[in-house]
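Residues per chain, in single letters:
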Amino acid sequence: MNDTPRRVTRRRLATRARLLDAAFEVFAAKGFGRVSIEEVCEAAGYSRGAFYSNFATLDELFFALYQERADLIAAQVADALAQDGADLDVAASVDQVTEVLLLDVDWLLVKTDFLVHAARDPAVARALLDHRTRLREAVADRLFRARGHTALPAVLGDVDGAAYAVVAAYDGVTTQLLLDKDVEAARTWLKQLLTALLTEGGSAPSTA
């Protein structure tokens, strides 16, 4: 008797997770503005009733999908950068960042849709800004601990400025990735760009 609520909760969580997975595939394939609730339900193998028992609107599902993936990525970046000791230098930190930052075209398509959506909705924009802040904080924390081994270029200011630059570089590289779909080239270019950006040694030699 006491197990019934627990079974219902587990089943509802499984239904929600399946709806989110199906929505990710449909949104990536068609774009948020071109997807209906019926299409998400069909992809998940559920009825509209199952949808409405978990989400009030398609916007709510889209927000939950973005939040789930964004939280996972932020946690992965933070965990990866925290695993190594304080002796990790900036160049090694670049290696860590480029290995864990997600370069997945489907995710980038959904993320871009969310960015456009957020630009028109202040409440959604705050969620996106919160995610980006957590990414920057994870990068800034690692750069702070590594700065004793490799000095950051003075033009970047402090570690917070450097973290902003890292996220901006990621945005630029992923925009190119959306167009050419070359994941390996994107990862290589991101590593080269961040190395040049974050280390004085990445600067072009003087011709004077």
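As a starting point, this report considers the structure included with it.

Definitions and cut-offs
Residues numbered from 1 in each chain as written. Predicted model: local features only at pLDDT ≥ 70, side-chain atom pairs only at ≥ 80, totals over all residues. Heavy atoms only, no water. Helix = DSSP H or I, 4+ residues; strand = E, 2+ residues; numbered from the N terminus. Buried < 20%, exposed > 50% of the residue type's maximum accessible area, 1.4 Å probe, protein only. Contact = heavy atoms within 4.5 Å. Areas by Shrake-Rupley, 256 points an atom, 1.4 Å probe, with all protein chains shown as cover. Axes fitted to C-alpha atoms, helices over the stretch in contact; angles between N-to-C directions. Parallel < 35°, antiparallel > 145°, perpendicular 65-115°, else oblique. Left-handed = near helix turned anticlockwise from the far one by under 90°. Expected span 1.5 Å × (residues − 1). Polar contact = N/O pair within 3.5 Å; in protein donor to acceptor, adjacent residues only side chain to side chain.

Some remarks on the overall build of the protein
Then, number 1: Secondary structure assignment for the protein yields nine helices and zero strands.
Then, number 2: Along the protein, helices (α) and strands (β) appear in the sequence α-α-α-α-α-α-α-α-α when read from the amino end.
Then, number 3: Taking all 208 residues of the protein together, 39% fall into the buried category.
Then, number 4: Long-range contacts, defined as pairs at least 24 residues apart, comprise 72% of the intrachain contacts of the protein with a sequence gap of at least 6.
Then, number 5: With an accessible surface of roughly 11,400 Å², the protein has 55% of that area assigned to carbon and sulfur atoms.

Considering the packing of helix α8 (residues 159-180) against helix α9 (residues 183-198)
The angle between the axes and the distance between the axes are what describe a pair of packed helices.
Then, number 1: For the pair α8 and α9, the least separation of the axes is 10 Å and the interaxial angle reads 155°. Regarding the angle of α8 to α9, the classification is roughly antiparallel. Crossing of α8 over α9 shows right-handed handedness. Residues Ala 162, Ala 165, Val 166, Ala 169, Tyr 170, Val 173 and Leu 177 of α8 form the contact with α9, whose own contacting residues are Val 183, Ala 186, Trp 189, Leu 190, Leu 193, Leu 194, Leu 197 and Leu 198.

Some remarks on α8
Then, number 1: The terminal C-alpha atoms of α8, which comprises 22 residues, lie 32 Å apart, in line with the 32 Å expected from a rise of 1.5 Å per residue.
Then, number 2: Among the residues of α8, Val 159, Ala 162, Ala 163, Ala 165, Val 166, Val 167, Ala 169, Tyr 170, Val 173, Thr 174, Leu 177 and Leu 178 are the ones counted as buried.
Then, number 3: The opening residue of α8, the one whose side-chain oxygen lies 3.2 Å from the backbone nitrogen of Asp 160, is Asp 158.
Then, number 4: Positive phi appears at Lys 181, one or two residues downstream of α8, with a value of about 60°.

As far as function goes, none of this settles anything; it's purely spatial.
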